[in-house]
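Given next are the chains, with one letter for each unit.
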Amino acid sequence: MDLLYNFPLLSSLAAIFFAQFIKVPIQFIATRQLDWSLLTSTGGMPSSHSAAVTALSTGVALDHGLDSSIFAVSAVFAIITMFDATGVRRHAGEQATVLNQLVLDFNRFVEEAKVWPKKAEQDKQKKLKELLGHQPIEVFFGGLTGILLTLFLYFVVGGLQ
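Residues numbered from 1 in each chain as written. Predicted model: local features only at pLDDT ≥ 70, side-chain atom pairs only at ≥ 80, totals over all residues. Heavy atoms only, no water.

Engineer: Describe the packing of helix α1 (residues 7-31) against helix α2 (residues 48-64), and please don't skip the residues or the numbers.
Structural biologist: Two elements in contact, α1 and α2, have axes whose closest approach is 8 Å; the angle formed by their N-to-C orientations is 155 degrees. Classified by the angle their axes make, α1 and α2 are roughly antiparallel. For the crossing formed where α1 meets α2, the hand is right-handed. In this structure, α1 contributes F7, P8, S11, S12, A15, I16, A19, Q20 and K23 to the contact, and α2 contributes S48, A51, A52, A55, L56, G59, V60, L62 and D63. Among the residues making up the contact of α1 with α2, the classes are represented as 11 nonpolar, five polar and two charged. (Axes fitted to C-alpha atoms, helices over the stretch in contact; angles between N-to-C directions. Helix = DSSP H or I, 4+ residues; strand = E, 2+ residues; numbered from the N terminus. Parallel < 35°, antiparallel > 145°, perpendicular 65-115°, else oblique. Left-handed = near helix turned anticlockwise from the far one by under 90°. Contact = heavy atoms within 4.5 Å. Nonpolar A, V, L, I, M, F, W, Y, C, P; charged D, E, K, R; others polar.)

Engineer: Please set out the packing of aromatic side chains residue by residue, giving values where relevant.
Structural biologist: What characterises a pair of aromatic rings is the spacing of the ring centres plus the angle enclosed by the ring planes. What the rule picks out here adds up to three aromatic pairs. Centroid distance F140 to F141: 5.2 Å. Interplanar angle 80 degrees. Geometry classified as edge-to-face. Geometrically, the ring pair formed by Y154 and F155 is edge-to-face, given 5.1 Å between the ring centres and 90 degrees between the ring planes. A relative accessible area of 23% places Y154 in the partly exposed class. For F155, a relative accessible area of 61% translates into the label exposed. (Phe/Tyr/Trp six-rings, centres within 6.5 Å; stacked < 30°, edge-to-face > 60°. Buried < 20%, exposed > 50% of the residue type's maximum accessible area, 1.4 Å probe, protein only.)

Engineer: Give me the nonpolar core: which residues, what numbers.
Structural biologist: Counting residues in each nonpolar core, the largest one holds seven residues, listed as F7, A15, A19, A51, A55, L149 and L153. The leading source of residues in this core is α1, at three residues. Counting five residues, the second-largest nonpolar core is a separate cluster that includes V53, A78, M82 and V139. (Core = buried A, V, L, I, M, F, W, Y, C linked by side-chain atoms within 4.5 Å.)

Engineer: So what about helix α6 (residues 136-157)? Which residues, and what values?
Structural biologist: The α-helix winds at 3.6 residues per turn, so residues separated by three or four positions along the chain end up facing the same way. Look at α6: 31 Å from first C-alpha to last across 22 residues, which is about the 32 Å you get at 1.5 Å a residue. Listing the buried residues of α6 in full gives E138, V139, G142, G143, T145, G146, L149, T150 and L153. Projected onto a plane normal to the axis of α6, the buried residues spread over an arc of 155 degrees and lie on a single side. Of the exposed residues in α6, those oriented more than 90 degrees away from the buried face are F155 and V156. Contacts from the buried residues of α6 go to α1, α2 and α3 (69-86). Directly after α6, the chain includes G158, whose backbone phi takes a positive value near 90 degrees. (Expected span 1.5 Å × (residues − 1). Arc of directions from axis to C-beta.)

Engineer: I'd like a description of the packing of α1 against α6, backed by residues and values.
Structural biologist: Contact geometry for α1 and α6: axes closest at 9 Å, N-to-C directions at 125 degrees. The orientation of α1 with respect to α6, classified from their angle, is oblique. Considering how the two elements wind past one another, α1 and α6 form a crossing that is right-handed. Residues F7, S11, A14, A15 and F18 of α1 lie in contact with α6, whose contacting residues are T145, G146, L149, T150, L153 and Y154. Taken together, the residues of the contact of α1 with α6 sort by class into seven nonpolar, four polar and no charged.

Engineer: Could you give me a rundown of α2, with the residues and numbers involved?
Structural biologist: An ideal rise of 1.5 Å per residue puts 24 Å on 17 residues; α2 measures up with 24 Å between its terminal C-alpha atoms. Residues of α2 that are buried include every one of S48, S50, A51, A52, V53, T54, A55, S57, T58, G59, V60 and A61, and no others. The secondary structure elements touched by the buried residues of α2 are α1, α3 and α6. Regarding α2, its N-cap is S47, as a side-chain oxygen of that residue lies 3.5 Å from the backbone nitrogen of H49 further along. Once α2 finishes, G65 follows within two positions and takes phi at roughly 95 degrees, a positive value. (Polar contact = N/O pair within 3.5 Å; in protein donor to acceptor, adjacent residues only side chain to side chain.)

It is worth stressing that arrangement in space is one thing and function is another; only the former is reported here.
Shown next, in the form of structure tokens:
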């Protein structure tokens, strides 16, 4: 099974899992609240998307060299992914925040204006996901995480060769 020895793939997957896991203690340090849902959520510090694509590019560079075509493909893929994380996805998250506030305000208005039908609270409002994208600093540290973790794996574990 050559797939089990594909260093760029394995380092990229390791970077995703590491970045997702480290979000929990970072959030705890920042807010003093333990939130295990961060293990499977998008957004937050560090960006697991950025960690994954930079780990992939670093692994490809170590395996095939900086002058290889496959490195060029992985580097452009990483740049586009990180740009998207700080652009479209972040703005979509900001719009979700505003829309969620509008829904809360509208629900409060309706509740005060007339008797609200007897529904479960969860049926009254549907929240949009607000943590879609990343702040530039989250993308930077996600990228740094991917590069450093891949270099660590390559030099300590030996690149699975």
